[in-house]
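Structural overview for review
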Amino acid sequence: MSSPAIGQIWQDDCYYLSKFSNTCQRKYVLVLAIDNKSDDCVTVVFTSQPNGLPDNPACYIGNPRSGYYLGKLGGIFFKETWVDFDSLVTLDNKDLRIHVETGRKTLLNKTISNKDFCGVLRCIMQMQNDITKQQWRLLGDTIAQLNCP
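What you see is a predicted model, and the numbers here were worked out from it, not measured in a lab.

**Remarks on the packing of helix α2 (residues 114-124) against helix α3 (residues 133-145)**
Packing of α2 against α3 brings their axes to within 10 Å, and their N-to-C directions diverge by 145 degrees. By crossing handedness, the relation of α2 to α3 is classed as left-handed. Where α2 approaches α3, its residues Phe-117, Leu-121, Arg-122 and Ile-124 are matched on the opposing element by Leu-139, Thr-142 and Ile-143. A class-by-class count of the residues in the contact of α2 with α3 yields five nonpolar, one polar and one charged.

Dropping the structure here:
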């Protein structure tokens, strides 16, 4: 496995267990930032279930959830799609490698536009109380690297 990269989308075939069927449920994971020292990734997931997330404004920080509306992107994102900020985590590179080796996670040949990616980054940076200092720094580094407006 090569090193993870910002903007990658991974398919996680066992992101969570269904409480109804006790079976693995799939999610699509977006890599927002990489720690260059460890290759750990700051990630979020996509969702097609708004559960309180509006489609306007695209960037929503508030209750009951925070996220960013992307719309219908096509392909695997054929439904209305949001990036769910409640799923923000730092994924240890060792865990990612194990997930890839066991077939749980698969790198997809899919990205979102730079405009949308920068929108997601700028929006999530507004969640100051819900982001660790390390995540804040790494997200800021990604914004600078991409020259996000």
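**A short note on the sheet that holds strand β7 (residues 105-107)**
If you trace the seven strands from one edge of the open sheet to the other, you get β4-β5-β6-β3-β2-β1-β7, paired in antiparallel fashion. This sheet does not close on itself; its edge strands, each paired only once, are β4 (59-60) and β7. Examined bridge by bridge, strand β1 (residues 9-17) and strand β2 (residues 24-34) share six bridges and lie antiparallel to one another. The residue of β2 that forms the bridge with Trp-10 is Val-29. Strands β1, β3 (41-47), β6 (81-91) and β7 of the sheet are contacted by helix α1 (residues 93-101), whose axis makes an angle of about 115 degrees with β6. Most of the contacts of α2 go to strand β5 (residues 67-71), to which it runs at about 160 degrees, and overall it touches β2, β3, β4, β5 and β6.

**Here's the deal with the nonpolar core**
Leu-30, Leu-32, Phe-46, Val-83, Phe-85, Ile-124 and Leu-139 are the most contacted members of the largest nonpolar core, which has 28 residues in total. Every element with two or more residues in this core is listed here: β2, β3, β5, β6, α2 and α3. Discounting residues that sit within four places of it in the chain, Phe-85 has contacts with Val-44, Ile-61, Ser-66, Gly-67, Tyr-68, Val-120, Cys-123, Ile-124 and Met-127.

**Some remarks on the environment of Asp-84**
With respect to the helices and strands, the residue Asp-84 is situated in strand β6. With 36 residues separating them along the chain, Asp-84 and Ser-48 place their C-alpha atoms 9.4 Å apart.

**With respect to α2**
With eight of eleven residues buried, α2 lies mostly within the body of the structure. Looking at α2, one finds that the buried residues are Asp-116, Phe-117, Cys-118, Gly-119, Val-120, Leu-121, Cys-123 and Ile-124.

What counts as what
Residues numbered from 1 in each chain as written. Predicted model: local features only at pLDDT ≥ 70, side-chain atom pairs only at ≥ 80, totals over all residues. Heavy atoms only, no water. Axes fitted to C-alpha atoms, helices over the stretch in contact; angles between N-to-C directions. Helix = DSSP H or I, 4+ residues; strand = E, 2+ residues; numbered from the N terminus. Left-handed = near helix turned anticlockwise from the far one by under 90°. Contact = heavy atoms within 4.5 Å. Nonpolar A, V, L, I, M, F, W, Y, C, P; charged D, E, K, R; others polar. Pairing = 2+ DSSP bridges. Core = buried A, V, L, I, M, F, W, Y, C linked by side-chain atoms within 4.5 Å. Buried < 20%, exposed > 50% of the residue type's maximum accessible area, 1.4 Å probe, protein only.

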